[in-house]
Amino acid sequence: MTSDARPDEDGATAPPERRQPPGDRVALRGDLRAALPDATAAMVVTALVFAFLWARMESGASDTVAVMPFMDDPGTYWMYLLSQAFGWSGLLWAWGTVMLGLLLSGPRPARLPVSRQVLERWHRTTSLTTTALMFAHALMFAAELVRYETKVDWAERLWVAFADSFVPGWYDSGTGRIAIPIGQGALYLAIPLGLLFYVRHRIGANTWRRLHRFVIVVYVLSVWHTLLYGTNVWYGEWPRTVLWLLQLPVAVLLLLRLLRPARRAERLGAPEGGVGAARPAWWARAAGRAAVAAVLVGLVIVVVSGRDGGRDRPTHPPATAPHTQETD
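A. The arrangement of helix α6 (residues 154-166) in detail. Between the first and last C-alpha of α6 there are 18 Å, a value that for 13 residues agrees with the 18 Å anticipated at 1.5 Å per step. When α6 is considered as a whole, its buried residues turn out to be Arg 157, Val 160, Ala 161, Ala 163, Asp 164, Ser 165 and Phe 166. Elements in contact with the buried residues of α6: α5 (116-148) and α7 (176-195).

Right, here's the structure in full:
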């Protein structure tokens, strides 16, 4: 959700296909090198989350085991735990990169702890790290399915794991029938939207801005996927409440970004020719602001009321496997 931090940001509208000089371009290779410290920190966080989930599973306090009691052996299901760990660190990094993007494209704070250029670089590198974590999350889920499908040959095991993890609509068990396609949608949107930044000198800054706004959709899908399928936040307890609470600052910054965008050309202003003659684009922008305000109010109600969609912890949890193993 970055703004295009270029000379036209003071309000002038850039020509639709203006191209930047070569020296003004940001190379993917350079950002990949710059992302190494960020990616290292993400791996450390993932390892800590993995250790935490392992300890909870060993102690019998794991919510995942409460949902799926057969998974009470971390030594056997370590790949599933690692998938969960990558998922949680990926969601944390997604939250951070969206917050940075909204901070950059909304009202400018009077003081920033670092320069705007540094914040923009952090936004780009955290975006790359987020995409890598999302892919690792899906890959480890597929690896666990390969280990699980023991009654078929390797070729079929690999295909089933790939299809269940990466083909929308293929996974056919329980909540995953909805949650997994939502997560796949987030991943498949994140990859092109993140990489488009590095070809914006070819597609034009205005085109890139219009497409980049859909990054918020990636984040919404990621949170939705977690709320539906994250067994650690299934129950109406504090982990789910914390997840909802983290969405409040995102909604606040998004609303501020829409009400007071950094670029004057994106401000709502008064409709041309009066309200009755306003252009459809004006109404669309006004409706977007109203929708985000409604979402913010809804988030406050959810947090205050405690009605966050969490399930009641079952007295007798189910003892079935996630789905029947494939057979010859």
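What follows continues from the structure just given.
B. Geometry of the packing of α7 against helix α10 (residues 215-229). It is at 8 Å that the axes of α7 and α10 come closest, and there the two elements cross at 155°. Classified by the angle between their axes, α7 and α10 sit roughly antiparallel to one another. α7 and α10 meet at a crossing whose hand is left-handed. Every residue of α10 that contacts α7 at Gly 176, Ile 178, Ala 179, Ile 180, Ile 182, Gly 183, Gly 185, Ala 186, Leu 189, Ala 190 and Leu 193 is listed here: Val 215, Val 217, Val 218, Leu 221, Ser 222, Trp 224, His 225, Leu 228 and Tyr 229. Residues of the contact of α7 with α10, tallied by class, amount to 15 nonpolar, 5 polar and no charged.

C. Spotlight on the confidence of the model for the protein chain. This prediction gives the protein chain a mean pLDDT of 84; 84% of its residues lie at or above 70. No element of the protein chain has a lower mean pLDDT than helix α8 (residues 200-203), at 87, and none a higher one than helix α2 (residues 36-59), at 96. Per-residue pLDDT stays below 50 along residues 1-24; that stretch engages in 67 contacts with residues further than four places along the chain or on separate chains.

D. Examining the nonpolar core more closely. Core analysis: the largest hydrophobic core is formed by 33 residues, its most contacted members being Tyr 80, Met 134, Phe 141, Val 218 and Tyr 229. Those elements that provide at least two residues to this core are α3 (63-67), α5, α6, α7 and α10. Not counting the four nearest positions on each side in its chain, Tyr 229 is found in contact with Phe 141, Tyr 171, Thr 175, Gly 176, Ala 179, Ile 180 and Trp 234. One finds Met 99, Val 223, Leu 248 and Val 292 within the second-largest nonpolar core, a separate group that totals 21 residues.

E. Representation of α10 within the structure. With 15 residues, α10 should reach 21 Å at 1.5 Å per residue; the first-to-last C-alpha distance of 21 Å fits that figure. Along α10, 11 of the 15 residues are buried, which leaves the element largely enclosed by surrounding structure. If you check which residues of α10 are buried, you get Val 215, Ile 216, Val 218, Tyr 219, Leu 221, Ser 222, Val 223, His 225, Thr 226, Leu 227 and Tyr 229. The inward-facing, buried residues of α10 contact α4 (78-105), α5, α7, α9 (205-212), α11 (238-245) and α12 (247-259).

F. Looking closely at the environment of Glu 120. With respect to the helices, strands and loops of the structure, Glu 120 is situated in helix α5. For Glu 120, a relative accessible area of 12% translates into the label buried. In sequence terms Glu 120 and Gly 101 are 19 residues apart; their C-alpha atoms lie 7.8 Å from each other.

G. Here's a closer look at a nonpolar patch on the surface. Taken together, the side chains of Leu 28, Leu 32, Ile 191 and Leu 195 present a nonpolar region at the surface, about 300 Å² in accessible area. Elements with a contribution of two residues or more to the nonpolar patch: α1 (28-34) and α7. As for its position among the elements, Leu 195 is in helix α7.

H. How the structure looks around the environment of Arg 56. Within the element layout of this structure, Arg 56 appears in helix α2. Between the C-alpha atoms of Arg 56 and Pro 74, which are 18 residues apart in sequence, the distance is 9.4 Å. Leave out the neighbours within four places in its chain, and Arg 56 touches Ala 61, Ser 62 and Asp 63.

I. Summary view of the layout of surface pockets. Counted as a void, the largest pocket has a volume near 840 Å³. If you go around the largest pocket, you meet 26 residues; those closest to its centre are Ile 216, Val 220, Leu 254, Leu 258 and Val 292. Contributing elements (two or more residues each) for the lining of the largest pocket: α10, α12 and α13 (280-305). It is α13 that provides the largest number of residues to the lining of the largest pocket, a total of 8 residues. Looking at the lining of the largest pocket residue by residue, the classes come out as 19 nonpolar, 2 polar and 5 charged. The computed volume of the second largest pocket comes to approximately 550 Å³. Looking at the lining of the second largest pocket, the elements that each hand over two or more residues are α2, α4 and α11. At 5 residues, the largest contribution of residues to the lining of the second largest pocket is made by α2. In the lining of the second largest pocket, the residues fall into 15 nonpolar, 2 polar and 3 charged.

Conventions we followed
Residues numbered from 1 in each chain as written. Predicted model: local features only at pLDDT ≥ 70, side-chain atom pairs only at ≥ 80, totals over all residues. Heavy atoms only, no water. Helix = DSSP H or I, 4+ residues; strand = E, 2+ residues; numbered from the N terminus. Expected span 1.5 Å × (residues − 1). Buried < 20%, exposed > 50% of the residue type's maximum accessible area, 1.4 Å probe, protein only. Contact = heavy atoms within 4.5 Å. Axes fitted to C-alpha atoms, helices over the stretch in contact; angles between N-to-C directions. Parallel < 35°, antiparallel > 145°, perpendicular 65-115°, else oblique. Left-handed = near helix turned anticlockwise from the far one by under 90°. Nonpolar A, V, L, I, M, F, W, Y, C, P; charged D, E, K, R; others polar. pLDDT = per-residue confidence, 0-100. Core = buried A, V, L, I, M, F, W, Y, C linked by side-chain atoms within 4.5 Å. Patch = residues over 30% accessible without salt bridge, like charges linked within 9 Å, V, L, I, M, F, W, Y side chains within 5 Å. Areas by Shrake-Rupley, 256 points an atom, 1.4 Å probe, with all protein chains shown as cover. Salt bridge = Lys/Arg side-chain N within 4 Å of Asp/Glu carboxyl O. 1 Å grid on protein atoms, 1.4 Å probe; cavity = no way out; pocket = protein on both sides within 12 Å on 5 of 7 lines; lining within 4 Å. Points joined across faces, edges and corners; volume = space filled by probe spheres on them.

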